[in-house]
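A closer look at the structure
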Amino acid sequence: MFWKRKKLPHGLAVDPPLNTPIRQLAFTVFDTETTGFAVGAGDRLIEVAAVHVEGLEVTDFTFQTYVNPERNIPAEIEELTGISEDKVKNAPASLPAIESFFRFVEQSGSAAWVGHYSSFDVTVLKKELQRYQFSFNVPLLFDTLDLIGYISPSKDMRDLEVYAKQFGTYIYERHQALGDALTTAHLFCELLRHLEARGKTTLADLIDISSMTNRALLF
């Protein structure tokens with residue numbers, strides 16, 4: 001008999017009508033850092049952070065925690081992120097850290113999550129929770145790469161900092177979860193303004209653009 005993972009009880013998104021104007025929506029822009037990219041194998045979460053966006057503005061309501069990966073941090077990751085063994089040794093394990101993040105999301109009342117290459121960050125959270133035999137309902141999810149693909153189509157998938165420079169938005173400390181979440185949040189708000197200028201002003205428009213970009217990638 002197959003065992004079933006327990007669902008964490010947190011409510012991670014409100015469910016606004018599809019015709020809700022983008023300017024009336026709130027979003028949770030988030031990012032993770034890990035010991036490497038093999039999160040389905042031995043690599044682990046070492047930081048998660050998020051920032052609240054509302055009314056096309058980045059707010060000062062933020063969340064950040066380091067996470068004890070219960071393994072060593074490779075030297076190249078420590079050099080890239082600045083996250084050392086000392087920073088994580090007294091940090092919470094992944095389950096309480098993720099639950100703290102989920103409580104932040106609940107408090108924010110956001111309609112959706114946003115990330116830059118967000119599918120990776122969601123996979124990180126899923127894999128960590130699987131270690132505790134938990135799962136969660138992924139809320140509506142937007143990726144800045146999809147919005148960029150609609151506004152400025154390109155076959156290349158570039159680094160977050162490259163896009164921030166392209167659209168003239170703030171760049172915070174790179175390869176740290178809060179810095180990248182803030183960089184993504186400012187980029188996201190600018191992308192939404194570009195979409196408004198093109199007449200894309202509602203939640204339904206955002207969903208349609210994301211679906212359209214994904215369909216284009218298939219062909």
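Preceding block: the structure.
Along each chain, numbering runs from 1 in the same order as the chain's sequence is written. At least 70 in pLDDT is required for a residue's local features to be given in this predicted model, at least 80 for side-chain atom pairs to be given and counted, and no such filter applies to totals for whole chains, interfaces and linings, which use all residues. Water and hydrogen atoms play no part in the side-chain values, which are based on all heavy atoms of the structure.

1. Some words on unusual backbone geometry
For the record, the criterion: Going along the chain from the N terminus, every DSSP run of H or I of four or more residues is numbered as a helix, and every run of E of two or more is numbered as a strand. Exposure classes here rest on a 1.4 Å probe applied to the protein chains alone. A residue is buried below 20% of its type maximum, exposed above 50%, and partly exposed in between.
A positive phi angle, close to 60°, is found at L56, a residue other than glycine. Relative to the assigned elements, L56 resides in the loop between β3 (45-54) and β4 (57-66). Despite not being glycine, H175 has its phi angle at roughly 60°, a positive value. Overall, H175 belongs to the partly exposed group, its relative accessible area being 26%.

2. Topic: the side chain of T183
Our working rule: Residues adjacent in sequence count toward polar contacts only when both atoms are side-chain atoms; beyond that, a polar contact is any pair of N or O atoms within 3.5 Å, and within protein one must be able to donate a hydrogen and the other to accept it. Whether two residues are in contact is decided by their heavy atoms, any of which lying within 4.5 Å being enough.
Structurally, T183 can be placed in helix α7 (residues 177-197). Residue classification places T183 among the buried positions, given a relative accessible area of 0%. Polar side-chain contacts of T183 include one of 2.9 Å to the backbone nitrogen of Y172. There is a polar contact of 2.9 Å between the side chain of T183 and the backbone oxygen of G179. Those residues in contact with T183 that sit more than four places away from it in its chain are L160, A164, Y170, I171 and Y172.

3. Remarks on the pairing of β3
Going by this rule: Any two strands are treated as partners once DSSP identifies two or more bridges connecting them.
The buried fraction of β3 amounts to nine of the ten residues, a majority that puts the element mostly inside the structure. For strand β2 (residues 26-34) and β3, the ladder comprises nine bridges, and the chain directions are antiparallel. Looking across to β3, one finds that A26 is bridged to E54. Both β3 and β4 contribute to a ladder of seven bridges, which runs antiparallel. Residue pairing for β4: A49 is matched across the bridge by Q64.

4. Points about the packing of helix α6 (residues 160-167) against α7
Rules: In this analysis an axis means a line fitted to C-alpha atoms, helices contributing only their contacting stretch, and an angle means the value between N-to-C directions, from 0 to 180 degrees. These descriptions rest on fixed angle ranges, namely under 35 degrees for roughly parallel, over 145 for roughly antiparallel, 65 to 115 for roughly perpendicular, and the rest for oblique. What makes a crossing left-handed is the near helix being turned counterclockwise from the far one by less than a right angle; a clockwise turn instead makes it right-handed. In this classification, Asp, Glu, Lys and Arg are treated as charged, Ala, Val, Leu, Ile, Met, Phe, Trp, Tyr, Cys and Pro as nonpolar, and every other residue, Gly included, as polar.
One can describe the packing of α6 onto α7 by two numbers: an axis separation of 10 Å at closest approach and a directional angle of 40°. It follows from the interaxial angle that α6 and α7 lie oblique. Both α6 and α7 take part in a crossing whose hand is left-handed. Seen from α6, the contacting residues are L160, Y163, A164 and F167; seen from α7, they are D180, T183, T184, L187, E190, L191 and H194. In terms of residue class, the contact of α6 with α7 is made up of six nonpolar, three polar and two charged.

5. Points about the pattern of salt bridges
How we decide: By definition, a salt bridge exists where a carboxyl oxygen of Asp or Glu is found within 4 Å of a side-chain nitrogen of Lys or Arg.
Using the criterion set out here, one finds twelve salt bridges in the structure. For the salt bridge of R71 with D43, the shortest nitrogen-to-oxygen distance reads 3.1 Å. One end of the pair, R71, is in the loop between β4 and α1 (75-81); the other, D43, is in the loop between β2 and β3, with 28 residues separating them in the sequence. We classify D43 as buried; its relative accessible area is 12%. Two residues, R193 and E190, come together in a salt bridge whose shortest N-O distance is 3.3 Å. In this pair, R193 and E190 are both assigned in helix α7, three residues apart and thus about one turn of the helix distant.

6. Some thoughts on the sheet that holds β2
Spatially, five strands are ordered β4-β3-β2-β5-β7 in an open sheet, and the strand pairing comes out mixed. This sheet does not close on itself; its edge strands, each paired only once, are β4 and β7 (141-143). On average, each strand axis in the sheet is tilted by 25° relative to the strand beside it, whichever way the strands run. Taken together, the three bridges between strand β5 (residues 112-115) and β7 define a ladder with parallel strand orientation. What sits directly across from W113, in β7, is L141. Taken strand by strand, helix α3 (residues 94-108) contacts β2, β3, β4 and β5, and its axis lies near 160° from that of β4.

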